[in-house]
Amino acid sequence: MTLQYFLIQVFNGLVNGAFYALLSLGLAVIFGMLRIVNFAHGALYMLGAFTAFALGQLFGLGFWPSLIIAPLLVGLIGMIIERGLLSRLYGLEPSYNLLLTFGLTLLTQDLVKQVMLSRFAVSSAPYTPPAELSGVVNLGFTMFPKYRLFVIVLALLVCLITWFVIEKTRVGAIIRASTENPTVTRAFGIDVSKWVTGVFAVGVGLAGLAGVLAAPIYSVEPYMGAELIITTFAVVVIGGMGSILGSVVTGFAVGVLAAIGSALYPPIANTLVFILMAVVLLIRPSGLFGLPEGAR
Amino acid sequence: MKKAKLSALIATAALSSLTVALAQSAKLSDNVIKVGVLTDLSGVYSELSGPGSVKAAQMAAADFMAKNPSYRNKVQVVGVDHQNKADVASNKAAEMIDRQNVDVLMDLPTSSAALAASEIAKGKKIPVMVVTGGTTALTNDKCNKYTFHYAYDNYMLANGTGTAVTKRGGNSWYIIYPNYAFGQDLNRQMTAAIQENKGKLVTASDATPFPNTDFSSYLLKAQSLKPKVFGTMQAGNDLVNVVKQYNEFGLKQQGIGLGIGLLFETDVAALGQDAFAGALATVPWYWNMDARSREWSAGFEKAFGKKPTWAQAGVYSATMTYLNAVARAKSDNGDAVVKALEGHRFSDFFARGAHIRSQDHRVTLDVYTVQVKPKAQAKEAGDIFTKVATIPASKAFTPLAESKCKL
């Protein structure tokens, strides 16, 4: 194995890392702000990919409009889920929202499967990148798909914007205040429940965005989120539950690590992240970037 | 009280021995032949087999009864879901045989599920016709008196495709395979076929996790190794992902061809045939290979709404072959039917030049190496294959001399 080949794999790992980062970012925002462990995140990611595919099939919409519309639609669905279902469970044990979101996952997967089979007559659908992003580009050290470069750049940009909004703006301050101490925040005349709905919608919107980005790389199928979400949860735990910086950095790092793993010793590729999780939990139970519970 | 119980027991025993006596004098157990299609009705293989396989078996039953009036209303078909899991397949097989009085098991996609059901059926002396499961173990070290392997197996896939691709100049390979029974077996068989034809592997094959969505690491490895052929032993959705990413990384443009271990029509449909164009694969049949196949497929499409995959056509053929054996044996007793099947030679729209080998129960038939056409060359919907070579039944499958089967 040459150094060049090793570098190629590191670079390649950033693509998967981009998906982990986008998904765990949404999970971190939702958990950090609302204390909801959203098991339906993988299904909403799949819904993003499926919506892009369906918009193309039904209305002839291409990749670019779908990249905007699909995450908005998924965000809207998120809003309905939060208002209609999750909000009824606040104050109850966390296991209730875990069960609810898990149930939603099963429901969504089967529903999409039925629609795909009956309406589009496929169980796994093709989706191609837009013409201007298809093909490979010679990076000097390797031939790399243009589209994958685009995914890395866009994911980084979105992560940066999200971090900036939450940490540096007034909107972010309100959101943080609403979750730290809803009673006091309410006393300032802020409608906390509206902000909660908004945060949830943005979080799942990010999952929807990741789904659209994934559609040209992986095939669009009902269970595409099921496997990914497990790794993503591991990423969130490693990064520190609720830490935005942690989820982004860990997301990219795990992507790179898995790529190196599968290049050096393929059978370990899928297990690597869990080994890492176990090690991190032993050394730093609150995750790499997480604060101990008491310090919040 | 005790006396009453005892007499009830004796009465039951007497009655049951009476029913046994009645059953033996009748031609058919419980007066029907019940065909059990044990398949994947909801998961990843449900499109290529599943409900279509159940429909195919029903069509075979209807056609058989029409041709043999003495069997009118005597053949029934039940479809059961095994979810591609070996443990579920075991339980369902036992339940179908014990409670539903099924006389034969059919289809069985997923090698591990096929092996499990075959084991159960052996204990209960019920014939099994494996159509969609691929492992060669079924007719090799795990063979048994009641199991027959129809349509295809990993040896035939590897022997057909490995030979054809290597002989056409694709003599250096890099292979990846899913890390479970089917993939490991197919990788072994493919490697052997390539080496037999003086081809070589540029590096040891890589086992990938199963299931898996991202194959970019292996495609980048192929880029740097520059083999003439990138061989993938993945199946179903994993195969679709491999091929999608093979195109994304532009390997074809870099002069690296694609060799596919197991290909179903539904995989091509999932990605569009241009993504597969030029790839070689080996199949036992395809719907538009000739007039006879077209005629049967038209009937299937009318009944089911979709064109048949080769797995579904295989289930029809296997069901008909089984029912004909029942007619010859004049009984649906497992041992009698096995006897009627062994050594039988026949030919139908699906199985040409077929022979049921009595030594290992491999059903040999002519198979075809095909190449996927570009969309522009397709004359109609579903026209995806061009025939490259016909491999005669006698050459397509494991030679008996190499079989470890002891029946």
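What counts as what
- Residues numbered from 1 in each chain as written.
- Chains lettered and ligands numbered in written order.
- Predicted model: local features only at pLDDT ≥ 70, side-chain atom pairs only at ≥ 80, totals over all residues.
- Heavy atoms only, no water.
- UniProt positions renumbered as here; feature names shortened; annotations may be inferred.
- Disulfide = S-S within 2.5 Å.
- Helix = DSSP H or I, 4+ residues; strand = E, 2+ residues; numbered from the N terminus.
- Buried < 20%, exposed > 50% of the residue type's maximum accessible area, 1.4 Å probe, protein only.
- Pairing = 2+ DSSP bridges.
- Axes fitted to C-alpha atoms, helices over the stretch in contact; angles between N-to-C directions.
- Contact = heavy atoms within 4.5 Å.
- Buried area = accessible area lost by both parts, 1.4 Å probe.
- Salt bridge = Lys/Arg side-chain N within 4 Å of Asp/Glu carboxyl O.
- Polar contact = N/O pair within 3.5 Å; in protein donor to acceptor, adjacent residues only side chain to side chain.
- Expected span 1.5 Å × (residues − 1).
- Arc of directions from axis to C-beta.
- Phe/Tyr/Trp six-rings, centres within 6.5 Å; stacked < 30°, edge-to-face > 60°.
- Patch = residues over 30% accessible without salt bridge, like charges linked within 9 Å, V, L, I, M, F, W, Y side chains within 5 Å.
- Areas by Shrake-Rupley, 256 points an atom, 1.4 Å probe, with all protein chains shown as cover.
- Parallel < 35°, antiparallel > 145°, perpendicular 65-115°, else oblique.
- Left-handed = near helix turned anticlockwise from the far one by under 90°.
- Nonpolar A, V, L, I, M, F, W, Y, C, P; charged D, E, K, R; others polar.

- The name given to chain B in an unreviewed UniProt entry is Putative branched-chain amino acid ABC transporter, periplasmic component, and the organism recorded there is Deinococcus deserti.
- The heading Sequence similarities (unreviewed entry) in the UniProt record of chain B holds the text "Belongs to the leucine-binding protein family."

- As annotated in an unreviewed UniProt entry, chain A carries the name Putative branched-chain amino acid ABC transporter, permease component and is attributed to Deinococcus deserti.
- Here is the UniProt Subcellular location (unreviewed entry) comment for chain A, exactly as written: "Cell membrane".
- Regarding chain A, the UniProt comment filed under Sequence similarities (unreviewed entry) reads as follows: "Belongs to the binding-protein-dependent transport system permease family. LivHM subfamily."

Quick word on the state of the cysteines
Residues and elements named next belong to chain B.
Here is step 1: Scanning the model with the defined rule gives one disulfide over all chains in all.
Here is step 2: For C143, the disulfide goes to C405, at an S-S distance of 2.1 Å. Disulfide C143 to C405: torsion about the S-S bond roughly 90°, handedness right-handed. Of the two residues, C143 sits in the loop between β4 (128-130) and β5 (147-149) while C405 sits in the segment after α14 (393-396), which places them 262 residues apart along the sequence.
Here is step 3: Using a relative accessible area of 13% as the deciding quantity, one classes C143 as buried.

Considerations on the sheet that holds strand β1 (residues 33-39) of chain B
All names here are of chain B.
Here is step 1: The parallel open sheet is built from five strands, whose spatial order is β2-β1-β3-β4-β5. Two strands close off the open sheet at either side, each with one partner strand: β2 (75-81) and β5. The average undirected angle you get between the axes of adjacent strands in this sheet is 20°.
Here is step 2: Where β1 meets strand β3 (residues 104-107), four bridges bridge the pair, whose relative direction is parallel. Its bridge partner being in β3, L38 is matched across the sheet by D107.

Overview of the interface of chain B and chain A
Here is step 1: If you look at the interface, chain B gives 31 residues, while chain A gives 34 residues.
Here is step 2: Summing both partners gives a buried area of about 2,500 Å² for chain B against chain A, and 46% of it is carried by carbon and sulfur.
Here is step 3: It is L220, K244 and E248 of chain B in chain B that bury the most area against chain A; as a group they hold 23% of the surface buried on that side.
Here is step 4: At the boundary of chain B and chain A, one finds two salt bridges.
Here is step 5: The partner of R148 of chain A in a salt bridge is E248 of chain B, with the nearest N and O atoms 2.9 Å apart.
Here is step 6: Along the contact surface separating chain B from chain A lie 15 residue pairs in polar contact (both at pLDDT 80 or more).
Here is step 7: Taken together, the elements giving at least two residues each to the side of chain B that touches chain A come down to β8 (206-208), α7 (216-225), α8 (236-248) and α9 (265-271) of chain B.

Points about helix α11 (residues 272-283) of chain A
Residues and elements named next belong to chain A.
Here is step 1: Between the first and last C-alpha of α11 there are 17 Å, a value that for twelve residues agrees with the 16 Å anticipated at 1.5 Å per step.
Here is step 2: Inspection of α11 places L272, V273 and V280 among the buried residues, and these make up the whole buried set. The buried side chains of α11 occupy one side of the element, clustering within an arc of 90° when seen end-on.

Points about the packing of aromatic side chains
Here is step 1: The full count for this structure, using the stated rule, is 32 aromatic pairs over all chains.
Here is step 2: For the pair F53 of chain A and F120 of chain A, a centre-to-centre distance of 5.0 Å together with 70° between the ring planes defines the contact as edge-to-face. Of this pair, F53 of chain A sits in helix α2 (residues 41-59) while F120 of chain A is found in the loop between α4 (94-119) and β1 (136-138), placing the two residues 67 residues apart along the sequence.
Here is step 3: Here F53 of chain A falls in the buried class, since its relative accessible area comes to 3%.
Here is step 4: What makes F120 of chain A buried here is its relative accessible area of 15%.
Here is step 5: Aromatic side chains Y150 of chain B and F350 of chain B sit 6.5 Å apart centroid to centroid with 20° between the ring planes, which places their arrangement in the stacked category. Remark: F350 of chain B occurs in the loop between β12 (345-346) and β13 (354-356) and Y150 of chain B occurs in the loop between β5 and α5 (154-167); sequence separation between them is 200 residues. Take Y150 of chain B and F350 of chain B: they sit in the same class, and that class is buried.
Here is step 6: By way of ring pairs, the aromatic residues Y150, W285, W296, F300, F304, Y316, F349 and F350 of chain B are connected into one cluster.

Re a nonpolar patch on the surface
Residues and elements named next belong to chain A.
Here is step 1: The grouping of L157, I161, W163, F164, V165, V171, L245, V249, L288 and F289 at the surface amounts to a nonpolar patch, some 840 Å² of accessible area in total.
Here is step 2: The set of elements that each furnish at least two residues to the nonpolar patch consists of α5 (146-168) and α10 (244-264).
Here is step 3: Ranked by residues supplied to the nonpolar patch, first place goes to α5 with five residues.
Here is step 4: Secondary-structure assignment places L157 in helix α5.

Re the UniProt feature "domain: Leucine-binding protein" (unreviewed entry) in chain B
Here is step 1: Per the UniProt annotation, the sites labelled "domain: Leucine-binding protein" (unreviewed entry) are residues 33-375 of chain B.
Here is step 2: With 44% helix and 18% strand, residues 33-375 of chain B has its two end C-alpha atoms placed 44 Å apart.

Quick notes on the UniProt feature "transmembrane region" (unreviewed entry) in chain A
Here is step 1: As recorded in UniProt, the feature "transmembrane region" (unreviewed entry) lies at residues 6-31, 67-86, 147-166, 195-218, 230-260 and 272-291 of chain A.
Here is step 2: Taken as a whole, residues 67-86 of chain A contains 90% helix and 0% strand, while its terminal C-alpha atoms sit 27 Å from one another.

Focus: the packing of α5 of chain A against α10 of chain A
Residues and elements named next belong to chain A.
Here is step 1: Their axes nearest at 10 Å, the elements α5 and α10 cross at an angle of 165°. Considered as vectors, α5 and α10 are oriented roughly antiparallel to each other. Crossing angle aside, the handedness with which α5 passes α10 is left-handed. Between α5 and α10, the residues in contact are A155, L156, C159, W163 and I166 and I244, V248 and F252, respectively.
Here is step 2: For the contact of α5 with α10, the residue count by class is eight nonpolar, no polar and no charged.

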